[in-house]
Amino acid sequence: MKINARYKDLKDSYLFSTIARRVAAYTAAHPEKAVIRLGIGDVTLPLCPAVVEAMRKAVAEMGEKETFRGYGPEQGYDFLAEAIGAYYAERGIVLDRSEIFVSDGAKSDLGNILDLFDPDNAVLIPDPVYPVYVDTNIMAGRAIRYMDAGEENGFLPLPDEGEKADLIYLCSPNNPTGAVYNREQLRLWVDYALANDAVILFDAAYEAFVRDPALPRSIFEIEGARRCAIEFCSFSKTAGFTGTRCGYTVVPQELERGGLSLNGMWLRRQTTKFNGVPYIVQRGAAAVFTPEGQRQIRENIDYYRENARIIASALREKGVWFTGGENSPYIWLKCPDGLDSWAYFDRLLEEANVVGTPGGGFGRNGEGFFRLTAFGDRADTEEAVRRLARM
Ligand code: MLT
């Protein structure tokens, strides 16, 4: 038999698993050190009361014969899909119920969506980038072309007319750099995708952190995107669901390639390989869209934004170059003293007992940069900033 030998082309372990292993080794060797984790973008505030209450009620329903539910619709319950549709409608984006697919998170769907595309497709991925896009394409045996992101283009690469691509990954607000595309820039991408018969895989997991009303939060704010884009979103960062697991993917009905409807293909894929998100979790997710839920999650997002401001202002004071932190929970800084990003990771861990994410883990162009997350606890963030300043 033949195994999928492309796994040999992957790095030994997933970026955040590597970091977790290195931090675990350090804390085992130095149990007396108070290590502050600003590495993986994992939230620290609990689920908001509206979500907890909705889930509690759903648990009670599951415990009664009359209200118990077994298998749910693979694409999510109507009550949640309709709430997601209303959330888009507030921004003037009209979605049909059939275009919204509830999932267990953006990471899974970003990997699973590749089932719809031929391994021979040319795929264009920004560098640096969230490692899932790269690793899932390596697993599928697809040749990857990278688009360079750097200080020269504000970490926001734009289409190159000379480059032919079938699949294009865009993430805005960007993980890891925190950069956000404006409308004009996204329009260039939509025009390029339409002209090349390409599909944009748009990761909007951090849309709720955009505070500038002039900046787009969805690719579907751009005319023509319904014919060339799929959008992935998540409750993880917006509502603290990293451990609860819920997200959604929007596949427009107009999106067709090779004579097939991508919406129909995704429905076929999901009904075959996925049995839906637990009812209890979907009830919790729906509560995010109630007026109370919105108010409560906004408070949490503001808390993280304040963390970002605290980190950013300390870096500014010390004259460290950085992007992000304003419309994004990530701060992307240049490693001081010309250190490479893993060397800076080690130095920060050993001298300040602070964990961040080395830019090199996000691609070649991330080398020399470092990512800090604003999802930490407030007191920890303030302490981390003090330790950094002392370095
Ligand atoms: C990150 O730190 O980049 C994210 O937490 C990873 C993820 O959302 O899967």
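See the structure shown above.
Attention here is on the structure that accompanies the text. Computed from a predicted structure; not experimentally measured. (Residues numbered from 1 in each chain as written. Predicted model: local features only at pLDDT ≥ 70, side-chain atom pairs only at ≥ 80, totals over all residues. Heavy atoms only, no water.)

**Some remarks on the site of the ligand**
- Around the ligand sit F16, I40, G41, K107, Y130, N175, Y206, K237, Y330 and R371, and that is every residue in its neighbourhood.
- Y130 has a polar side-chain atom sitting 2.5 Å from an oxygen atom of the ligand.
- Within the side chain of K237, a nitrogen or oxygen atom sits 2.8 Å from an oxygen atom of the ligand.
- In isolation the ligand exposes 270 Å². Once the protein is present, 84% of that is buried.
- Of the residues that constitute the shell around the ligand, the class distribution is five nonpolar, two polar and three charged. (Near = heavy atom within 4 Å. Polar contact = N/O pair within 3.5 Å; in protein donor to acceptor, adjacent residues only side chain to side chain. Areas by Shrake-Rupley, 256 points an atom, 1.4 Å probe, with all protein chains shown as cover. Nonpolar A, V, L, I, M, F, W, Y, C, P; charged D, E, K, R; others polar.)

**Observations regarding the sheet that holds strand β14 (residues 357–358)**
- Overall, antiparallel pairing links the four strands, which are arranged β11-β12-β15-β14 in an open sheet. Strands at the two margins of the open sheet, each flanked by one partner only, are β11 (322–324) and β14.
- Direction of pairing for strand β12 (residues 330–334) relative to strand β15 (residues 369–373): antiparallel, over a ladder of five bridges. Bridged to L333 within β15 is F370.
- Along the sheet face, helix α10 (residues 291–317) touches β11, β12 and β15 and points at about 15° away from the line of β12. (Pairing = 2+ DSSP bridges. Helix = DSSP H or I, 4+ residues; strand = E, 2+ residues; numbered from the N terminus. Contact = heavy atoms within 4.5 Å. Axes fitted to C-alpha atoms, helices over the stretch in contact; angles between N-to-C directions.)

**A few points about the pairing of strand β4 (residues 144–148)**
- As paired elements, strand β3 (residues 123–127) and β4 share five bridges and run parallel to each other. In the strand pairing of β4, V123 is matched with I144.
- Crossover handedness for the path β3 to helix α5 (residues 131–139) to β4: right-handed. (Right-handed = clockwise from strand over helix to strand, strands pointing away.)

**Some thoughts on the nonpolar core**
- With 99 residues, the main nonpolar core has I168, I200 and F235 as its most contacted residues.
- The dominant element in this core, judged by the number of residues it contributes, is α10, at nine residues.
- Contact partners of I200, with chain neighbours within four places excluded, come to I168, L170, W189, V190, A193, I219, C228, A229 and I230.
- F101, L116, V251 and W266 belong to the second largest nonpolar core, which has 28 residues in total. (Core = buried A, V, L, I, M, F, W, Y, C linked by side-chain atoms within 4.5 Å. Buried < 20%, exposed > 50% of the residue type's maximum accessible area, 1.4 Å probe, protein only.)

**Details of the pattern of salt bridges**
- Counted under the stated rule, the structure contains 23 salt bridges.
- The closest approach of N and O atoms between R183 and E221, which form a salt bridge, is 2.3 Å. Separated by 38 residues along the polypeptide, R183 in helix α6 (residues 183–196) and E221 in the loop between β6 (199–203) and β7 (229–234) bring together distant segments of the chain.
- In this structure, the salt-bridge partner of D197 is R257, at a minimum N-O distance of 3.5 Å. Of this pair, D197 sits in the loop between α6 and β6 while R257 sits in strand β9 (residues 256–257), and the two are 60 residues apart along the sequence. (Salt bridge = Lys/Arg side-chain N within 4 Å of Asp/Glu carboxyl O.)

**What about the sheet that holds strand β2 (residues 100–103)?**
- Ordered by their spatial adjacency, seven strands build an open sheet running β2-β8-β7-β6-β5-β3-β4, and the pairing between neighbours is mixed. Only two strands of the sheet have a single partner each, and these edge strands are β2 and β4. Taking each pair of neighbouring strands and ignoring which way they run, the sheet shows an average axis angle of 25°.
- The sheet strands contacting helix α3 (residues 78–89) are β2, β7 and β8 (247–250), and the helix crosses β2 at an angle near 120°.

**Here's the deal with the state of the cysteines**
- The final tally for this structure, using the stated rule, is zero disulfides.
- In this structure C228 is a free cysteine whose sulfur lies 17 Å from that of C171, the closest cysteine sulfur available. (Disulfide = S-S within 2.5 Å.)

**Considerations on the pairing of β3**
- For β3, the buried fraction is high: five of the five residues fall into the buried class.
- Where burial is concerned, the two faces of β3 agree: the one with V123, I125 and D127 and the one with L124 and P126 are both buried.
- Pairing of β3 with strand β5 (residues 167–171), which is carried by two bridges, proceeds in the parallel orientation. Bridge pairing links V123 to L167 in β5.

**Looking at unusual backbone geometry**
- A cis amide bond links D127 to the next residue, P128, at an omega of 10°.
- With respect to the helices, strands and loops of the structure, P128 is situated in the loop between β3 and α5.
- If you check the backbone angles, D197 has positive phi at about 60° while not being a glycine.

By themselves, these figures tell us nothing about what the structure is for.
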